[in-house]
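Here's the letter readout for the chains.
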Amino acid sequence: MSKKRTIDSFFASNSNTKKQKTEDVIDEKTPSSTHATYPFPIPELPPSLSQELSSWPAVPGRVINDQPDLDLLYFEPFIPSYAAKDLFRFLRSQLPFYRVEYKIKRGGTESQIRTPRYTTVFGLDATSLFSPSGATILDAKTNNPVPASAYARYQPRPLPKCLDDLRLSTEAATGCRFNFCLVNYYSSGADSISFHSDDERFLGPEPAIASFSLGAKRDFYMKHKPFVGGPDPPEAKQLKLPLASGDMVLMRGRTQANWLHSIPKRTGRNERDGGRINITFRRAMVKGGTDNYYNYNVGNGPVYKWDSDAEEMRVWKP
Ligand SMILES: O=C(O)CCC(=O)C(=O)O
Ligand SMILES: [Fe+2]
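- Within an unreviewed UniProt entry, the label attached to the protein reads Fe2OG dioxygenase domain-containing protein, and the organism entered is Coniochaeta ligniaria NRRL 30616.

In C-alpha cells, the structure reads:
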C-alpha cells in the first residue's frame, strides 16, 4: 500500500462518500502535537498547507476607520480560497471541541446558558510560558516553575503546531503579538454569537484581536456601543461584513472599547450552510484571562470530535 494518501482519503474514511477532489498529498506519517492536556494528538498541517503559509496574506489588508472609534484591518482574503477550504476541513476534523454551559445570575434569578456554537481554546497569559518541552509552566519573569495553585481550575494547553504556524503568520502580517487562540465552530446557521465586545480588562487597553473565517460565509455585524445619556451620533452607522472563507479582520485601537460585534443566526434555506470556523488570536496579560478563556471555551463537559461518516460533531470517547 502506498504511504502517500490524497488529502481526501485523509479526511474521509469512507471512500464511498463523494468528497472534494484535490490532488494534494499528505504523508501518513504527518507528525502530531501532543500534550498531557490534549484529549488526543493534534496533527501538524499537511505539507500542502504548511508550504503555502509563507505566501500569506494573499492580499494586503485594507484599513476601515471611517466611523467613530473604529479601527479595522480587513484582509479579503488572508488565506486563498483553495487553502482555506483544506484548512477548514483539517481543523474541523482534528481539533477537540466543547459545547460549554454555564450559569448566570440576572436580577436575582439564575439561568443556565448553553453556548450556541462549539468552542475550543489554547494558550497561556503573558505572566507565564511553557517550558520548551511543554511539560512545565514557568514564570515569564523569573523562569521558575509556577506553583500548581496558579492555574488550579483549568490546566492551560499550548497551541498545537497547526495553530501556532497560523499565529506566526498573523503576527508577521499585523505586527501584533498573541498568546491565545480561540476557535468557534458554527455547525449551521442556527449557531451564533450575540452582540458583545472583547474588552475584558485582562486584555489590557486597546487590545488587538485577529479574527479568521473558514468555511461558510456568515455576516459579521458591528454597532457602536450606546452613548451614555443619549442616542448614538448619526455618523456611527451599523456595519455588516459578509465574512468569506479565508478572510481575516484585525480589530484594534479603540474598537473593542466602543463597538459591539455579532454573528446572528440564519434561518430558512440559509440555515444548512456546511459550517463555519472562526479563529481568533488574542493577547491576555494576566492569569485571570487564562481562567476566563478556559472556563467559557472548554468548561467541564465532554469533548466533541468531528465524525466524518456522520458528518457531524459527536461526543468523543477515548
Ligand atoms: O465568529 C466570529 O466571526 C466572531 C467570534 C467572536 O466574536 C468571538 O469569539 O469573540
Ligand atoms: Fe468577539
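**Topic: the UniProt feature "binding site: substrate" (unreviewed entry) in the protein**
- Those places that UniProt annotates as "binding site: substrate" (unreviewed entry) correspond, in this numbering, to D199.
- Residue position: D199 is located in the loop between β13 (193-196) and β14 (209-215).
- Classification of D199 as partly exposed rests on a count of 17 C-beta atoms within 10 Å.
- Aside from chain neighbours lying at most four places away, what touches D199 is Q256 and A257.

**Focus on the site of ligand 1**
- Taken together, L182, N184, I193, D198, S211, F220, H261, I263, N278 and T280 make up the full set of residues adjacent to ligand 1.
- Among the elements of the structure, β12 (180-186), β18 (259-263) and β19 (276-282) are those that each provide at least two residues to the shell around ligand 1.
- For the shell around ligand 1, the residue count by class is 4 nonpolar, 5 polar and 1 charged.

**Topic: the pairing of strand β17 (residues 248-251)**
- Burial along β17 is two-sided: the face carrying M248 and L250 and the face carrying V249 and M251 are both buried.
- Two strands pair when backbone bridges link them, and strand β6 (residues 72-75) and β17 are joined in this way by 4 bridges, in the antiparallel orientation. The residue of β17 that forms the bridge with F75 is M248.
- Strand direction decides the pairing type here: β14 and β17, joined by 4 bridges, are antiparallel. When the sheet's bridge partners are listed, A210 is paired in β17 with L250.

**Notes on the nonpolar core**
- Within the largest apolar cluster, 55 residues are counted, with the highest numbers of intra-cluster contacts made by L87, V121, F180, C181 and L250.
- Apart from residues lying up to four places away in sequence, L250 is in contact with G61, L72, L73, T174, A208 and A210.

**A few points about the UniProt feature "binding site: 2-oxoglutarate" (unreviewed entry) in the protein**
- The UniProt entry lists N184, Y186, H196, H261, R276, T280 and R282 under the feature "binding site: 2-oxoglutarate" (unreviewed entry), expressed in the numbering used here.
- Along the chain, H196 turns up in strand β13.
- Secondary-structure assignment places H261 in strand β18.
- Ignoring sequence-local partners within four residues, the contact set of H261 consists of F195, S197, F220, Y221 and M222.

**With respect to helix α3 (residues 81-94)**
- Compared with an ideal rise of 1.5 Å per residue, which puts 14 residues at 20 Å, α3 spans 20 Å between its outermost C-alpha atoms and is within 8% of the ideal.
- With 10 of 14 residues buried, α3 lies mostly within the body of the structure.
- The set of residues buried in α3 consists of A83, A84, D86, L87, F88, R89, F90, L91, R92 and Q94.

**Observations concerning the pairing of strand β21 (residues 312-315)**
- Sheet topology places strand β20 (residues 304-307) next to β21; 4 bridges connect them, and they run antiparallel. Looking across to β21, one finds that K305 is bridged to R314.
- Here β20 folds back onto β21, and the loop between the two strands holds 4 residues, one of which, E311, carries a positive phi near 55°.

**Concerning unusual backbone geometry**
- Each neighbour pair has its own omega, and for W56 with P57 the value is 0°, a cis peptide bond.
- Looking at the secondary structure, you find P57 in the loop between α2 (47-50) and β5 (62-64).
- You will see that E206, though not glycine, has its phi angle at about 50°, which is positive.
- Within the secondary structure, E206 is located in the loop between β13 and β14.
- Even without a glycine there, the phi angle at E311 is positive, about 55°.
- You can see E311 is positioned in the loop between β20 and β21.

**So, the confidence of the model for the protein**
- Averaged over every residue, the pLDDT of the protein is 92; residues scoring 70 or more account for 91%.
- When the criterion is pLDDT under 50, residues 1-6 qualifies, and its contacts beyond four places in sequence or with other chains add up to 12 contacts.
- Segment residues 12-25: pLDDT under 50, and 24 contacts once partners within four positions in sequence are set aside and those in other chains are kept.
- Both scores are available for the predicted complex, with the pTM at 0.92 and the ipTM at 0.99.

Procedures and definitions
- Here the residue index of a chain counts from 1 through its sequence in written order.
- Written order decides the labels, with chains lettered from A and ligands numbered from 1.
- In keeping with the model being predicted, local features are shown solely for residues with a pLDDT of at least 70 and side-chain atom pairs are shown and tallied solely at 80 or more, while totals for entire chains, interfaces and linings include all residues.
- UniProt positions are given in the numbering used here, feature names are shortened, and annotations may be inferred rather than shown by experiment.
- Helical segments are the DSSP runs of H or I of at least four residues, strand segments are the runs of E of at least two, and each set is numbered from the N terminus.
- Each residue is classified by how many other C-beta atoms fall within 10 Å of its C-beta atom, where C-beta atoms are placed from the backbone; a count of 20 or more means buried, 12 or fewer means exposed, and values in between mean partly exposed.
- We call two residues in contact whenever the C-beta atoms placed from their backbones are within 7 Å.
- Each residue gets a C-beta atom placed from its backbone. If that atom is within 6 Å of a molecule or strand, the residue is near it.
- Any residue outside Ala, Val, Leu, Ile, Met, Phe, Trp, Tyr, Cys, Pro, Asp, Glu, Lys and Arg is labelled polar, Gly included; the first ten of those are nonpolar and the last four are charged.
- When DSSP finds two or more bridges between a pair of strands, those strands are recorded as paired.
- To count as a nonpolar core, a set of buried Ala, Val, Leu, Ile, Met, Phe, Trp, Tyr and Cys residues must be joined through C-beta atoms within 7 Å.
- How far a helix is expected to stretch is found by multiplying one less than its residue total by 1.5 Å.
- Per-residue confidence from the predictor is reported as pLDDT, a score between 0 and 100.

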